[in-house]
Amino acid sequence: MSSALTDLCRYPIVQAPMAGGPSCPQLAAAVAEAGGLGFLAAGYKTADGMYQEIKQVRGLTGQPFGVNLFMPQQNLADQGALEVYRHQLAGEAAWYETPLGDTDTGGDDGYEAKLAILLEDPVPVVSFTFGCPSRDTLDAFAAAGTYTVVTVTSPEEAQAAQWAGADAVCAQGTEAGGHRSTFRDDPETDGEGTGLLCLVTQVRETVQIPVIAAGGLMRGSQIAAVLAAGADAAQFGTAFLVCPESGAHLLHKQALANPLFVRTTLTRAFSGRPARGLVNRFVREHGPYAPAAYPQVHHMTSPLRKAAARAGDAQGMALWAGQGHRMARELPAGRLVRLLAEELDAARAAVSTRSTQ
């Protein structure tokens, strides 16, 4: 790993910031204590909610950790398409006995307020999703001593992040669970995307800053693979989802091994932006008709998802998961970090042995 990343964590293992509950203080702290880089997800939280979680992590560990921010989104939603989708979801609202959410909530996710807190009381790492901050913002974090990471899905996005002054990029392959972190949400590119190994290689040949690889990773041997492809560290999301410290809903954790949910797909059904999750009834019935409207669709479906969870109905929940979800291991987060590190060492030793034969 690069020296800067080495200073942040003992192992080249990063716990992905999973918004919506999974990346809670207990998980981030457990990963950090074990030698990985734990992350909080500030997405969908208020600025004060984010700060309270930061204080909790500081109370649980003295090790470095990160906070992830969602970049503000332009309102490009077609209001007619939103109304059509609202009408389509009327049956869901009746079934779960809850009204659909307000789509006029806004798309900035409290970004400026969160920036102000993180610059006034810095954390070791801040990463960004759904775009790249301005050079002024990244320079301000550099002055505060904060290491910055921009999530990218193409060499072009990686280059833009480097030009803006990011310290590192997180290259997200199409195998990754949760939202695609493209800078621009273009419906014409739905279904497209580059696999992780190819993407890491392309990004490595495009930028000179460190690269964190993310997308479908579940084993230590895969860390060895992405490191060989040019990455400096590997990011795991779904692998940590089933840990007891994870804040994911129990139904979500159980669904990863449930034979009812055998595959994942990219869908706009729950949020209006492409995100990879387990295929359930809601995805099958509404995915093909969901408009490109983030975060409006997210706000619209939020009450439905919460009601489905209260009813114990995984068929109506957003079950975000990467393509490797079947390989999830229900272990304490610290034990999982150490196991991944052991598997990485074993993979490296095996390669070394074969190369000398």
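Residues numbered from 1 in each chain as written. Predicted model: local features only at pLDDT ≥ 70, side-chain atom pairs only at ≥ 80, totals over all residues. Heavy atoms only, no water.

## Notes on the sheet that holds strand β10 (residues 264-267)
Phase 1: Strands sit in the order β7-β11-β10 across an open sheet of three strands; the sheet is antiparallel. Both outer strands of the open sheet, β7 (178-179) and β10, are each paired with one neighbouring strand and no more.
Phase 2: As paired elements, β7 and strand β11 (residues 275-278) share two bridges and run antiparallel to each other. Residue pairing for β11: Gly178 is matched across the bridge by Arg276. (Pairing = 2+ DSSP bridges. Helix = DSSP H or I, 4+ residues; strand = E, 2+ residues; numbered from the N terminus.)

## Things to note about the pattern of salt bridges
Phase 1: Under the defined criterion, the tally for this structure stands at twelve salt bridges.
Phase 2: The shortest N-O distance in the salt bridge between Arg135 and Asp139 comes to 3.8 Å. Residue Arg135 and its partner Asp139 are both found in helix α7 (residues 135-144); the two are separated by four residues, about one turn of the helix.
Phase 3: Owing to a relative accessible area of 43%, Arg135 belongs among the partly exposed residues under this scheme.
Phase 4: For the salt bridge of Glu285 with Arg281, the shortest nitrogen-to-oxygen distance reads 3.1 Å. A residue pair is termed a helical-turn pair when its members lie 3 or 4 positions apart in one helix, as Glu285 and Arg281 do in helix α13 (residues 281-286) at four residues.
Phase 5: Relative accessible area serves as the criterion here: at 39%, Glu285 is assigned to the partly exposed category.
Phase 6: If you follow the salt bridges from partner to partner, you end up with Glu92, Arg281 and Glu285 in one network. (Salt bridge = Lys/Arg side-chain N within 4 Å of Asp/Glu carboxyl O. Buried < 20%, exposed > 50% of the residue type's maximum accessible area, 1.4 Å probe, protein only.)

## What to know about the sheet that holds strand β4 (residues 125-129)
Phase 1: The strand order across the open sheet formed by eight strands is β1-β9-β8-β6-β5-β4-β3-β2, and the pairing between neighbours is parallel. Sheet topology places β1 (13-15) and β2 (38-41) at the edges, where each strand pairs with a single neighbour. For this sheet the average axis-to-axis angle between neighbouring strands, irrespective of direction, equals 25 degrees.
Phase 2: Each of β1 and β2 is contacted by helix α2 (residues 25-34), which is oriented at about 160 degrees to β2, the strand it contacts most. (Axes fitted to C-alpha atoms, helices over the stretch in contact; angles between N-to-C directions. Contact = heavy atoms within 4.5 Å.)

## Quick look at the environment of Ala34
Phase 1: Turning to its location among the elements, Ala34 is positioned in helix α2.
Phase 2: In the structure, Ala34 is positioned 29 residues away from Gln63 in sequence and 9.4 Å away in space, judged by C-alpha atoms.
Phase 3: In this structure Ala34 touches Arg10, Tyr11, Gly334, Val337 and Arg338, once residues within four positions along its chain are discounted.

## Some words on the pairing of β2
Phase 1: Residues Gly38 and Leu40 of β2 are buried on one face, and the alternating residues Phe39 and Ala41, pointing to the opposite face, are buried as well.
Phase 2: Summarising the sheet, β2 and strand β3 (residues 65-70) pair through four bridges and their orientation is parallel. In the strand pairing of β3, Gly38 is matched with Phe65.
Phase 3: The parallel pair β2 and β3 is bridged by helix α3 (residues 47-60), and the resulting crossover is right-handed. (Right-handed = clockwise from strand over helix to strand, strands pointing away.)

## Details of the nonpolar core
Phase 1: Ranked by internal contacts, the top residues of the largest apolar core, which has 96 residues, are Val67, Leu69, Leu118, Phe128, Phe236 and Phe240.
Phase 2: The element contributing the most residues to this core is helix α15 (residues 333-356), with seven residues.
Phase 3: Among all residues touching Phe240, those that are not within four sequence positions of it are Ile13, Val14, Gln15, Met18, Leu27, Val31, Ser246, Ala333, Leu336 and Val337. (Core = buried A, V, L, I, M, F, W, Y, C linked by side-chain atoms within 4.5 Å.)

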